[in-house]
Amino acid sequence: MDEHREISIAEFFEKNRHLLGFSNFQKAIVTCVKEAVDNSLDAAEEEDILPEVHVIIEDLGKDRLRLTFKDNASGIAKKHIPKVFGKLLYGSKFHKLMQSRGQQGIGISAAALYAQLTTGNPIQIISKLKGSTKVHAFTLHLDTRKNEPEIIKEELLDTYEFPHGTSIQMDIEAKYTRGTHSVFQYLKSVAIVNPSAKLILQEPDGKIYEFPRVTKDLPKKAKEIKPHPYGVELGILMRMLKETKARTIGSFLMSEFTRVGKTTAQQICKAAEIDVVNGIRFVTGWERRPNTLSKDDIERILRAMQTTNIQNPPTDCLAPIGEELLNKGLIKELNPEFSAVVTRNPSVYRGMPFQIETAIAYGGGITEGRLMRFANKVPLLYQQSAGVTMKALKSTDWPRYGLKQSGDLPQGPVLVLMHMCSVWVPFTSEGKQAIADYPEILKEMKLALQEVGRKLRTYISKKRKGQIEEKKFKTLTAYAKEMVEPLAYLVETTTKEDISMYFEALLKSKYTMIGGVAIDNETLKELQKEVSQQEEENASTE
Amino acid sequence: MPALSEDKNTIEKLTNLGKKLLSELKQKESPYFDRPVRSLSNVIFDEKAGTLKLGDRTSRRTFLNIGHARTFMQSVMIAAKCKELVKNERSASIRELYYQLKHTIPGLTDNTLEGQEESNPVIVDLETALDALREYLHLTADRSGQLFGPLTIEDQGDKIDCLRLGKSGLSIPSIVDDYKFLDHDAEFILVVETGAMGDRLVEEKFHIKNKAILVSSGGQPSRGVRRLTHLLHQKLELPVYVFTDGDPWGFYIYSVLKTGSMNLAFESKRLATPSSKFIGMTIEDIEKYGLKKVTEKLKGIPAKKAGGPTEDYKRAIELKNYAWFKHELWQKELDKMLATGMRIEQQALASKKLEFVSDTYLPEKIKNHEFLP
């Protein structure tokens, strides 16, 4: 056994498929759909295209399903197609520091690999690049040893369903189910946070579901940023130093990081004490070449970067969904009786800009307590009880906001939605399903929950008052009817009909009907005052 | 039940109440009625008249106030029902009234009246708001108390000689306003607290021997007993003596007959007999008649002891503080009671001999004018 062999990433996958989201049949199909849909939405967003994605699932029998994805995004250049779908870790997003969906998966190639491992069938790609007239079709196979694609068939087609876009078809071993962790639920969640997307699902039995587009407003685009000194780790710093074109440490710091100018770079160099090498004193550490640094030097630079006072990174790189759009998404998919959305101002954890959005939806189509988590607009379906979101939920005083709390979660027909967007979402594990507990993130989540909680409280108290008013009105009306005859008997000179009319007029003058519910005019005034006060209060906390 | 002389007036009052409510309703205002506050804080002692009456404070019951709406509705229903009774020359007990009006309200789960405890206070509200006796509204209560004596009464055309009623006597109904007093040979009216003492006096023929109209109230006098005593005194111009146990409860019964009760302070002018005099029992009687060995201890804990005062002690102190017990003789009597801790029952007089009360005790007191005011 003296022969050492390099393990290909594909082989690694075979042995570690659970890490990548393919641990069982139900999970495998959701992961495949997720990879394809995330890619499509990212690609469309980048090119300002209103996305449309079709997911078609056919049953091939014997636990085999055929998945077909079609989108209207920008398509893929011919030369990239085999690599994108046939080589793991090949992608446009891997080295970028930018808010994107794709950060969260190992990529569509993993899905392709899964298909190949479980059914042995190759995958088919059709793509029409934006601005091109050609429709390319590939049939690919992946060489798992070499981590290289093999083209089985390549041809030109006459048409594509959309002006441009990509279609993928793969056969996988999987089970189609409904429920919490299902394709349907995944797409519904995607639809909530992507109200400008049109999603269509065709289930194995032929049923077609459309998650409609409710706005043509495209979401704000995310921007790429350079890393912030607080956010790098040793490995990354080492790689950056190896790959940099800068000739000195000083220029490396200034060119490769955000918020590092000359003064800051000098401070870092000084604090790192890298001016002495093997007993030789340099004028300053500033002038040292990046490739002369020892591991020890790099560690000291890292420490210096983290202890030097540096301005927070810019936050305009983030692209939250926004209160209005998120609310539209919630309403169209869940039809709640009441919803409130809060997009917090951006904040920073460990040099990474991030932003928290929270929504609360109550009643109507929502019948039980639920939590929906999202990271960069991607639903997180698993490991709900792990991570910072649950911690924020548990530490919120729900009874204060008119909800019962049993265990740690709010009870009743209420949905809490938590979205974190960031250039780098810190997950607790490779499964990428739970967000890690950083104090800054927890704080933002708690504040966001409190804000929507206050809005909910106002609504619930208004509703309760309304119910009381309604009951009063009903009672008074019934009592009035009881009094018509005795009163007519007492006065003798007025008919029952007239007295009945007088009572009706009296009650009408006292109560206003709002949405079929009677509200006492004075209470109505009070409520209006209360709501405007609440809004002021909310405004002042922002 | 035949018409009362008040009936026309009562019908008018009820009709006017309806008209008032209707006019408010027409103006899109919440219909309401005001009635005097019946709490103790609004009860005052009218020294000149010698009766309790209600003060000027009123409270308003208004339909659109959800807290009032239910009783308001009940008031209107009861008012109409009473008008029907008066117009048709019928009467109903307050329980019958309750059953006549009780039904489920359409659209709601509750009834118009959930129990007599709901209708009874509404009746009193109406009495006060209209300033009309319950009896004028043709509402009756259970009869209680008996009358004996040289008096002839006409009741629904029948003539009743109250000397010819054996040991049963005339059972006193709640409505006595229609009684006609035809003829009498009485010199005074004696109201007796306990039925047993009444029986004793009848057996001894006290009412015949002393030309007395004997009213046996059987405990706390009913409205009928009080109204009858008031009417007898007013129409026959006879003095009224009250004979009760010598304890705080007995003293209070006397004060109810004389000055009116706090609950029905609004009716005192029709129910009380301010010129009544208290004949006994008194604490002084104990010494005077050598009754010390047949006294009872006051119930409860005296003021000086821990936890006191309670029961009789507490009641006696309350009586002492009432404006209508401020007469020095009464203050002395109550002080003596509190100091000795003794009370004395009417029937303790039997310790002498059975006829002592009728042959000696009462005649002597009347002859010597030994009364408490």
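Residues numbered from 1 in each chain as written. Chains lettered and ligands numbered in written order. Predicted model: local features only at pLDDT ≥ 70, side-chain atom pairs only at ≥ 80, totals over all residues. Heavy atoms only, no water.

Enquirer: Looking at this structure, how should I read the overall build of chain A?
Expert: Counting its secondary structure elements, chain A contains 14 helices and 20 strands. Put simply, chain A has 542 residues, and 52% of those count as buried. Long-range pairs, those at least 24 residues apart, make up 70% of the contacts in chain A between residues at least 6 apart in sequence. Of the accessible surface of chain A, which amounts to about 25600 Å², a share of 49% is contributed by carbon and sulfur atoms. (Helix = DSSP H or I, 4+ residues; strand = E, 2+ residues; numbered from the N terminus. Buried < 20%, exposed > 50% of the residue type's maximum accessible area, 1.4 Å probe, protein only. Contact = heavy atoms within 4.5 Å. Areas by Shrake-Rupley, 256 points an atom, 1.4 Å probe, with all protein chains shown as cover.)

Enquirer: What is the right way to look at the pattern of salt bridges in this model?
Expert: Side chains bearing opposite charge may pair, as long as their charged atoms lie close to each other. Residues and elements named next belong to chain A. For the structure shown, the criterion picks out 53 salt bridges over all chains. Two residues, Arg-66 and Asp-171, come together in a salt bridge whose shortest N-O distance is 2.8 Å. Residue Arg-66 is located in strand β2 (residues 64–71), and its partner Asp-171 is located in strand β6 (residues 165–173); the two are separated by 105 residues in the primary sequence. A residue is classified by how much of its surface remains accessible, and Arg-66, at 27% relative accessible area, is partly exposed. (Salt bridge = Lys/Arg side-chain N within 4 Å of Asp/Glu carboxyl O.)

Enquirer: Just to check I follow, could you spell out the sheet that holds strand β1 (residues 52–61) of chain A for this structure?
Expert: Either a parallel or an antiparallel arrangement is found when strands of a sheet pair, and the pairing is made through backbone hydrogen bonds. Residue and element names in this part refer to chain A. In space, the 8 strands of this open sheet follow the order β5-β4-β3-β6-β2-β1-β7-β8, with mixed pairing throughout. What marks the edges here is a single partner per strand, and that holds for β5 (148–157) and β8 (208–211). The average undirected angle you get between the axes of adjacent strands in this sheet is 15°. Across 7 bridges, the pairing between β2 and β6 is antiparallel. Pairing of Lys-70 across the sheet is with Ser-167, part of β6. Taken strand by strand, helix α2 (residues 25–46) contacts β1, β2 and β6, and its axis lies near 10° from that of β2. (Pairing = 2+ DSSP bridges. Axes fitted to C-alpha atoms, helices over the stretch in contact; angles between N-to-C directions.)

Enquirer: What exactly am I supposed to notice about the sheet that holds strand β11 (residues 180–184) of chain B here?
Expert: All names here are of chain B. Read across the sheet, 3 strands follow the order β9-β8-β11 without closing on themselves; strand pairing throughout is antiparallel. Looking at strand neighbours, the two that pair on one side only are β9 (158–161) and β11, the edges of this open sheet. Between one strand axis and the next, the sheet turns through 25° on average, direction left out of account. When strand β8 (residues 151–155) meets β9, the two strands line up antiparallel, connected through 4 bridges. Bridged to Ile-153 within β9 is Ile-160. The strands touched by helix α7 (residues 223–236) are β8 and β11; relative to β11, the strand with the most contacts, the crossing angle is about 55°.

Enquirer: Please explain the interface of chain A and chain B as it appears in this structure.
Expert: Interfaces are frequently sized by the accessible area removed from exposure as the parts join. The partner chain B presents 33 residues to the 25 residues of chain A that form the contact. Summed over both sides, the interface of chain A with chain B buries roughly 2700 Å², with 78% coming from carbon and sulfur. Per-residue buried area on chain A facing chain B is highest for Tyr-479, Glu-482 and Leu-490 of chain A; these three make up 27% of the total on that side. Here chain A is connected to chain B by 2 salt bridges. The residue Glu-492 of chain A makes a salt bridge to Lys-87 of chain B at a minimum N-O spacing of 3.4 Å. Where chain A packs against chain B, one counts 7 residue pairs in polar contact (both at pLDDT 80 or more). Going through the elements one at a time, α12 (439–491) and α13 (496–510) of chain A are the ones with two or more residues in the side of chain A that touches chain B. (Buried area = accessible area lost by both parts, 1.4 Å probe. Polar contact = N/O pair within 3.5 Å; in protein donor to acceptor, adjacent residues only side chain to side chain.)

Enquirer: Could you clarify how one ought to interpret the nonpolar core in this entry?
Expert: Most often, soluble globular proteins keep nonpolar side chains buried together rather than apart. Residues and elements named next belong to chain B. Counting residues in each nonpolar core, the largest one holds 78 residues, and the members touching the most others are Leu-147, Leu-190, Ile-213 and Phe-243. Of the residues forming this core, the biggest block, 6 residues, is contributed by helix α8 (residues 248–259). Looking at which domains feed residues into this core, each of domain 1 (7–140) and domain 2 (146–367) gives three or more. The residues touching Ile-213, leaving out its near neighbours within four places in the chain, are Leu-147, Phe-148, Gly-149, Leu-151, Ala-186, Phe-188, Ile-189, Leu-190, Leu-232, Leu-236 and Leu-238. In this structure, Phe-63, Leu-97, Leu-101 and Leu-139 belong to the second largest nonpolar core, which totals 49 residues. (Core = buried A, V, L, I, M, F, W, Y, C linked by side-chain atoms within 4.5 Å. Domains from an automatic or database assignment.)

Enquirer: So what exactly am I meant to see when it comes to the packing of aromatic side chains here?
Expert: Two numbers describe a pair of aromatic rings. These are the distance of the centres and the angle of the planes. Residues and elements named next belong to chain B. Throughout the structure, instances matching the rule amount to 27 aromatic pairs over all chains. A ring pair is formed by Phe-188 and Phe-206, whose centres lie 6.3 Å apart and whose planes are at 70°; its orientation type is edge-to-face. One end of the pair, Phe-188, is in strand β12 (residues 188–192); the other, Phe-206, is in helix α6 (residues 206–209), with 18 residues separating them in the sequence. Like Phe-206, Phe-188 is buried. For the pair Phe-278 and Trp-330, a centre-to-centre distance of 5.1 Å together with 55° between the ring planes defines the contact as tilted. Highlighted residues: Phe-278 in strand β15 (residues 277–280) and Trp-330 in helix α12 (residues 328–340), separated in sequence by 52 residues. (Phe/Tyr/Trp six-rings, centres within 6.5 Å; stacked < 30°, edge-to-face > 60°.)

Enquirer: Where do I start with empty space enclosed by the protein in this structure?
Expert: By rolling a water-sized probe across the atoms, one finds the places where empty space is left. Residue and element names in this part refer to chain A. For the structure shown, the criterion picks out 4 cavities of 30 Å³ or more. Roughly 50 Å³ of internal volume is contained in the largest cavity. Taken together, 11 residues make up the lining of the largest cavity; nearest its centre are Ala-112, Gln-116, Ile-123, Leu-140 and Leu-142. For the lining of the largest cavity, the elements supplying multiple residues, two or more each, are α3 (81–86), α4 (108–119) and β4 (135–143). Across the lining of the largest cavity, the residue classes tally to 7 nonpolar, 4 polar and no charged. (1 Å grid on protein atoms, 1.4 Å probe; cavity = no way out; pocket = protein on both sides within 12 Å on 5 of 7 lines; lining within 4 Å. Points joined across faces, edges and corners; volume = space filled by probe spheres on them. Nonpolar A, V, L, I, M, F, W, Y, C, P; charged D, E, K, R; others polar.)

Enquirer: What exactly am I supposed to notice about the packing of helix α2 (residues 66–87) of chain B against helix α3 (residues 94–101) of chain B here?
Expert: Relative orientation and spacing of two packed helices are given, respectively, by the angle between their axes and the distance between those axes. Residues and elements named next belong to chain B. Running from amino to carboxyl end, α2 crosses α3 at an angle of 115°, the nearest separation of the two axes being 11 Å. On the basis of their axis angle, the class for α2 and α3 is roughly perpendicular. The chirality of how α2 crosses α3 is right-handed. Contacts between α2 and α3 involve Met-77, Ile-78 and Lys-81 from the former and Leu-97, Gln-100 and Leu-101 from the latter. Of the residues contributing to the contact of α2 with α3, the split by class is 4 nonpolar, 1 polar and 1 charged. (Parallel < 35°, antiparallel > 145°, perpendicular 65-115°, else oblique. Left-handed = near helix turned anticlockwise from the far one by under 90°.)

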